[in-house]
Amino acid sequence: MGKTIIKATGLVKSYGEGEGKTYALDGVDVEVHANEFLVILGESGSGKSTLLNVLGGMDDVEEGEILFEGKDLAKAKARDLTKYRRDSVGFVYQFFNLLNDLTVLQNVMIAPGARKHKDRALQILGRVGLGDKLDKFPAQLSGGQQQRVAIARALNKECDLLLCDEPTGALDAASGKAVLQLLEELHGEGKTIVLVTHTKEIAQMATRVIAMKDAKIIRNEENPSRRKAKDIDW
Amino acid sequence: MIRSYLFSMLKRFKGPFFSMAFISMLAIAMMVGLFGALGNLESSYDAFKSDYGSPSVSYYMDLSKDEAITGVAEVEGVAKVETRLRFDAYLRRGDGRPLIARIFTFEDEREGIVKPCFGDMAAKNEDMVNVAVSTALAKSNGISVGHDIELGFGETYAKFHVYAIYDHATAIYIRPSPFIASDNRDFGHIMIARSEAKKAEERIIKPYMETHDSFVPPEGTYDPTAVLEAMADVYGNPERVDHYFTELLIQKKNGYGEEEVNERVSAFLKGKVNVLETITESHSLYEQFIAHVDRQFHTAGLFLPIFFFAVSLAIIALFLIQIIKLMTRDIGTMLSIGVSHGQVLGLLSVCTLAVMGISALFGIGLGSVIMAVLVNIFRASYFMPGITFGLDPLATLIAILIAAGISQIAVLIAAHNIFSITPKDAMISNEAKRRKLPKPMEKGIDRMPLYLRMAANATFQNPRRSIVSCLAILASTTMIIIAGLFGVSIDATIRQTTQTRLNYDAQVYCTKAEEDDAFLKDLQAQPCVTKAEQGYFTWLEATHGEKKTTIEVVGVDVGSQSLQYIPDFGANGRLYVEEEGMILPAYSAEVLGVGVGDLITFGTRQIKVTAISTQHMHFVGYLSMAKVKELSPRYVSTYFVNVSDEASLMSYVSMHKIGSVVVNTSSYRADMKERHDPINFVVWVITGFSLAMALATLTITAQDQLIDQKKPLSILRCVGYGTKDISNIWSIQRAFEFLIAGAIACPAAYLTLKLILKGAASEEANYPIIADYRWFLLGLFFVLIVLGVAHLLSMRKISKWNLADNTRSRE
């Protein structure tokens, strides 16, 4: 097991009050280790996406601690969270979240700090198989292509941690598989991947699986029998 | 379902609907307030004219006995006759220096109209002549009610009892005098009831009349000059012996012309009285002034509501189109379940009508406040204490109907956006829709740095929103510039008008009893006098063909060294009198139908018009002194003087008993400025409205843009952009809009003001347009502040966003 990158303890997040109070996270403890492929598995409403958003610095918690490089993200100021999102983590969304008014190349280069590195962006786009789509706009791409652009954008930030929220959720099986294969390759190159999904089959790719139900972690175990992305069907 | 959606739509788009309501409210308020106040001013003025009676023909005659003019009322065509006396006397001050008091009479039965103008009052003294003294005269000379003052001339003085002090300006209301300038220290107005004037007649006028009559030959030609000189010899020093007038005011019957009645009355008076001047047109300065004010406010009353309604139409239409765009999926869903396009259109129509209803309510309320404030200003500035308060029901109804109409026109403009939506739109994401820009534009935007590119995309992908922002910036910048330049224009007009009078320190009046040249030399030799020049003034009747008019004429030194500043508005400079020829006031040129080079006739002589001088509110023709002597034996000598020590000049005048000194004061300028206060007030209120409208609109368009761009902006935050970075993108976008709108606003303001000033101008008032660049800068600066505030308010929202929520969904 690699070094612990993120250590979150006692995370609590709820919505509503009184009898209508619903927990999205109810005392969750989780660690992310370097170079692991962690899958957080759960049904809709289990709290998995909320956990990922919190780890990604995009949502806050009412209680708990999230340590990253010695700093507690749960108590960090907005400026520090911005820095964290900029320099330390790449996020891939279910619905891609590309900027429609920018081309593929511009979307990949959008991140601050990544703007000066056009060569790197071109290389990454070539890597994800979109070297010939540089001037296209997102609306002109298929879902799978858009998701690959989103991954390229995350990669262009040169951070080792990639958080992916249902990256195949909006894709057909073939496109989804292609995306998973890409993530697999990146993991092989040393990236740390945290992937959220409700699909059990995808969890078979993981080095470790955390299962969530009703805002709690119900299982946290290594995956002894990893499968390749190309062998997974769902 | 439609009805329930109505409330949810109003709630969801409360920002844009608020902006629509706000701008419509301003338009309604402007129209209701302006027309309400104007209507009250006009009805009050009509009532005043009906009460007071604007004479059709006026005659100024030598002081006449009543029996000489008995029977005038029976002349055919005469409906009403009123006689008044106007005479100048000296007020003997405590320090011995005489002060000219111009005394006006009023008919006893009019005392009810006069009394509201009185401030302090005391009981009358039946044994004395009771007079009302103007406030300025009282203040300058320590006079209070209950005091006795000495009035008279030569060696004949009598005591008069001061029973009332009236506000001079207010009294104009009941007695339009040719003069609306303020009291000068050395020249005061006194009002006296006709019955009291009878007493004065016995005590001071009768001795004068007996002396006067003794020099009038019973037969032969009456030579007024010879009589005046003889009288001056009697009194031993120059007196204002030629300023005793009986004013005979004739109101004609309907169906008769002024000229016709004039001819009949003149024939009646011939041989009975000495008519000095006949005025057949009602060019009382006060009446012209009110007519001028009426025109100004009608111009404002038309232009301003049109401006605001036009802006509100544009904003409502643009916001509606934006709302329809944001509701595309909802509308598509409604269509897919069987709701028709017409029903959706109806929903929008009802929504906007509901919003207009609310704006009408508040607009009428605000309009009432504007009306009340304006009426108060009118009362003070236009000498009409009796102007009533009240809204004009017709104008109010029209304002509401226009607002309702505009809202529906806007709905119709936006309608095609509804009809282009299909049920399929229920399923298509708005994200997929990207406006195609022209290729060169796309390429150009592509080459821009990131922030600039994002700002440009945000602008061109949603041009409607940018247009609304531009409109708001344009409207408010334009209004600030217009308001500022209008003030500059008024100042210039006042300066040009008062330039003539304020180009020298004092004016000394005396009659021809003194040797002119000798006196002038003596005056110039005084240590306190730095420059003195002589002038003459008189009234002459000029004719050109069938047309005629009476012109106040001043004879001055020829050439550029004269202290007389004759304004030439057109060239923004001054004119100089030549040996031959006349500088004619534009108003008289208009009446006579002459231009430069034409000949006008004075008696038997013809004079060429060498220049036309545009003047504001006070029309004077200028000739050389030699020419005045040639044209008229009756003129008054006057001396224009620059002094280093005013008190020394006063002592000199007192010692020589040469007459009076009119010292120019800044009150004339202040008076004129005060007269323009109402229109200035209106202009600045509108400017304030515009700024408020701009702030509301810019904040709402910014909020609207936030809603629209919540996801992309959240994505940017997710990839590591801070609020400051987002702010930079928006700043650039706002800068685009500011630069475009600001660049248009400057020429737009200039051209609009030119139109307004043209509409507000008349023969009496000609407002120059002066492009003072400071107001352009100030206008842009204030709007920049408004932009900044709207921007900051929006940025605060971004910092509070939940990024997870904003990036979660497909939309």
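Conventions adopted
- Residues numbered from 1 in each chain as written.
- Chains lettered and ligands numbered in written order.
- Predicted model: local features only at pLDDT ≥ 70, side-chain atom pairs only at ≥ 80, totals over all residues.
- Heavy atoms only, no water.
- Helix = DSSP H or I, 4+ residues; strand = E, 2+ residues; numbered from the N terminus.
- Buried < 20%, exposed > 50% of the residue type's maximum accessible area, 1.4 Å probe, protein only.
- Contact = heavy atoms within 4.5 Å.
- Areas by Shrake-Rupley, 256 points an atom, 1.4 Å probe, with all protein chains shown as cover.
- Buried area = accessible area lost by both parts, 1.4 Å probe.
- Polar contact = N/O pair within 3.5 Å; in protein donor to acceptor, adjacent residues only side chain to side chain.
- Nonpolar A, V, L, I, M, F, W, Y, C, P; charged D, E, K, R; others polar.
- pLDDT = per-residue confidence, 0-100.
- Pairing = 2+ DSSP bridges.
- Axes fitted to C-alpha atoms, helices over the stretch in contact; angles between N-to-C directions.
- Phe/Tyr/Trp six-rings, centres within 6.5 Å; stacked < 30°, edge-to-face > 60°.
- Lys NZ or Arg CZ within 6 Å of the ring centre and 35° of its normal.
- Parallel < 35°, antiparallel > 145°, perpendicular 65-115°, else oblique.
- Left-handed = near helix turned anticlockwise from the far one by under 90°.
- Patch = residues over 30% accessible without salt bridge, like charges linked within 9 Å, V, L, I, M, F, W, Y side chains within 5 Å.
- Salt bridge = Lys/Arg side-chain N within 4 Å of Asp/Glu carboxyl O.
- Core = buried A, V, L, I, M, F, W, Y, C linked by side-chain atoms within 4.5 Å.
- Domains from an automatic or database assignment.

1. Looking at the overall build of chain A
Part 1: Scanning chain A from N- to C-terminus turns up seven helices and ten strands.
Part 2: Sorting the 234 residues of chain A into buried and exposed places 55% on the buried side.
Part 3: Of the contacts made within chain A by residues no fewer than 6 positions apart, 71% connect residues no fewer than 24 positions apart.
Part 4: Of the roughly 10,300 Å² that chain A leaves accessible, carbon and sulfur atoms contribute 45%.

2. Digging into the interface of chain A and chain B
Part 1: Counting residues at the interface gives 24 residues for chain A, matched by 28 residues for chain B.
Part 2: Interface area, chain A with chain B, both sides summed: about 2,400 Å², of which 53% is carbon and sulfur.
Part 3: Across the chain A-chain B interface, the total number found is two residue pairs in polar contact (both at pLDDT 80 or more).
Part 4: For the side of chain A that touches chain B, a count of residues per class yields eleven nonpolar, six polar and seven charged.

3. Thoughts on the confidence of the model for chain B
Residue and element names in this part refer to chain B.
Part 1: Counting all residues, the mean pLDDT for chain B is 77, and 78% of those residues have values of 70 or more.
Part 2: The model gives residues 237–242 a pLDDT under 50, and that stretch makes 24 contacts with residues more than four places away or in other chains.
Part 3: Note on the complex model: pTM 0.65, ipTM 0.81.

4. Details of the sheet that holds strand β5 (residues 71–72) of chain A
The strands that make up a sheet are held in pairs by hydrogen bonds between backbone atoms, and each pair lies either parallel or antiparallel.
Residue and element names in this part refer to chain A.
Part 1: The four strands lie next to each other as β2-β1-β4-β5, forming an open sheet whose pairing is antiparallel. In this open sheet, the two strands that pair with only one neighbour each are β2 (22–33) and β5.
Part 2: For strand β1 (residues 4–15) and strand β4 (residues 63–68), the ladder comprises five bridges, and the chain directions are antiparallel. From the neighbouring strand, K7 faces β4, where its bridge partner is L67.
Part 3: This element, helix α1 (residues 48–55), spans β1, β2 and β4 of the sheet and lies at about 55 degrees to β2.

5. So, the packing of aromatic side chains
Part 1: This model, assessed by the stated rule, comprises six aromatic pairs over all chains.
Part 2: Arranged with centres 4.9 Å apart and planes meeting at 70 degrees, the rings of F68 of chain A and Y84 of chain A form a pair that is edge-to-face. Here F68 of chain A is found in strand β4, whereas its partner Y84 of chain A is found in helix α2 (residues 78–87), with 16 residues between them in sequence. Residues F68 of chain A and Y84 of chain A agree in their burial class; the two are buried.
Part 3: Each ring, one from W684 of chain B and one from W775 of chain B, has its centre 5.7 Å from the other, and the planes form 50 degrees; the classification is tilted. A residue pair is termed long-range when its members are at least 10 positions apart, and W684 of chain B in helix α22 (residues 677–708) and W775 of chain B in helix α25 (residues 773–799) qualify at 91 residues.
Part 4: Here W684 of chain B falls in the partly exposed class, since its relative accessible area comes to 37%.
Part 5: K124 of chain B extends its terminal NZ or CZ atom over the ring of Y163 of chain B, reaching a point 4.9 Å from the ring centre.

6. Focus on the packing of helix α12 (residues 341–381) of chain B against α22 of chain B
When two helices pack together, their arrangement is given by the angle between their axes and by how far apart the axes lie.
Residue and element names in this part refer to chain B.
Part 1: Where α12 contacts α22, the two axes come as close as 9 Å, and the packing angle between them is 155 degrees. Looking at the two axes, α12 sits roughly antiparallel to α22. Where α12 crosses over α22, the handedness of that crossing is right-handed. When α12 is examined against α22, the residues L366, I370, V373, L374, I377, F378 and S381 are found in contact with a partner set consisting of D677, P678, F681, V682 and F689.
Part 2: In the contact of α12 with α22, the residues fall into ten nonpolar, one polar and one charged.

7. Notes on a nonpolar patch on the surface
Part 1: On the surface, a cluster of nonpolar side chains totalling about 550 Å² of accessible area is made up of L695, L778, F781, F782, I785, V789 and L793 of chain B.
Part 2: Take F782 of chain B: it is sitting in helix α25.

8. Comments concerning the environment of A267 of chain B
All names here are of chain B.
Part 1: Tracing the backbone through its elements, the reader meets A267 in helix α9 (residues 258–269).
Part 2: With a relative accessible area of 54%, A267 lands in the exposed category.
Part 3: Remark: the alpha-carbon pair of A267 and V75, spanning 192 residues in sequence, is separated by 9.8 Å.

9. A few points about unusual backbone geometry
Residue and element names in this part refer to chain A.
Part 1: In this structure, E69 is a non-glycine residue whose phi angle is positive, near 50 degrees.
Part 2: With respect to the helices, strands and loops of the structure, E69 is situated in the loop between β4 and β5.
Part 3: Positive phi, normally seen in glycine, also occurs at D214, with a value near 50 degrees.
Part 4: Position of D214 relative to the elements: it lies in the loop between β9 (208–213) and β10 (216–222).

10. Some points on the nonpolar core
Part 1: One finds M9 and F297 of chain B to be the most contacted residues of the largest nonpolar core, which totals 111 residues.
Part 2: The two domains that each donate at least three residues to this core are domain 1 (1–54 + 286–433) and domain 3 (439–502 + 666–811) of chain B.
Part 3: Setting aside residues up to four positions removed in sequence, M9 of chain B forms contacts with F17, M327, L347, L348 and C351 of chain B.
Part 4: Counting 39 residues, the second-largest nonpolar core is a separate cluster that includes L105, L125, I202 and A206 of chain A.

11. Concerning the environment of I306 of chain B
Part 1: Locating I306 of chain B in the fold gives a position in helix α10 (residues 285–326).
Part 2: For I306 of chain B, a relative accessible area of 55% puts it in the exposed group.

12. Focus: the pairing of β10 of chain A
Residues and elements named next belong to chain A.
Part 1: As judged from the six bridges shared by β9 and β10, these two strands associate in the antiparallel manner. What sits directly across from R208, in β10, is E222.
Part 2: Here β9 hands over to β10 after two residues, with D214 in that stretch at a positive phi of 50 degrees.

13. Thoughts on the pairing of β4 of chain A
Put simply, side chains in a regular strand alternate between the two faces of the sheet.
Residue and element names in this part refer to chain A.
Part 1: Pairing of β4 with β5, which is carried by two bridges, proceeds in the antiparallel orientation. Among the inter-strand pairings, L67 is bridged to a residue of β5, identified as D72.
Part 2: Here β4 folds back onto β5, and the loop between the two strands holds two residues, one of which, E69, carries a positive phi near 50 degrees.

14. Details of the sheet that holds β10 of chain A
All names here are of chain A.
Part 1: If you walk across this open sheet you meet the six strands as β6-β7-β8-β3-β9-β10, and the pairing is mixed. Strands with a single pairing partner mark the edges of an open sheet, and in this sheet they are β6 (89–92) and β10. Neighbour-to-neighbour, the strand axes of the sheet open up by a mean angle of 15 degrees, direction not taken into account.
Part 2: Sitting on the sheet, helix α5 (residues 143–155) is in contact with β6 and β7 (161–165), with an inclination near 170 degrees to β6.

15. Here we look at the environment of V128 of chain A
All names here are of chain A.
Part 1: Note that V128 resides in the loop between α4 (118–127) and α5.
Part 2: Residue class for V128 comes out buried when judged on its relative accessible area of 4%.
Part 3: Taking the C-alpha atoms as reference points, V128 and A178, separated by 50 residues in sequence, lie 9.6 Å from one another.
Part 4: Contacts of V128, omitting those with residues within four sequence positions, involve R148, A152 and L182.

16. Quick word on the side chain of E737 of chain B
Part 1: Secondary-structure assignment places E737 of chain B in helix α24 (residues 723–760).
Part 2: With residues near it in sequence (within four places) discarded, E737 of chain B still touches S466, S469, C470, I473 and G742 of chain B.

17. Quick word on the packing of α12 of chain B against helix α13 (residues 393–419) of chain B
Residues and elements named next belong to chain B.
Part 1: Following both chains from N to C, one finds α12 and α13 inclined at 150 degrees, their axes separated by 9 Å at the closest point. Put simply, α12 runs roughly antiparallel to α13. Considering only the axes of α12 and α13, their crossing is right-handed. Residues H341, V344, L345, L348, S349, T352, L353, M356, A360 and I364 of α12 form the contact with α13, whose participating residues are T396, I400, A403, A404, S407, Q408, V411, A415, I418 and F419.

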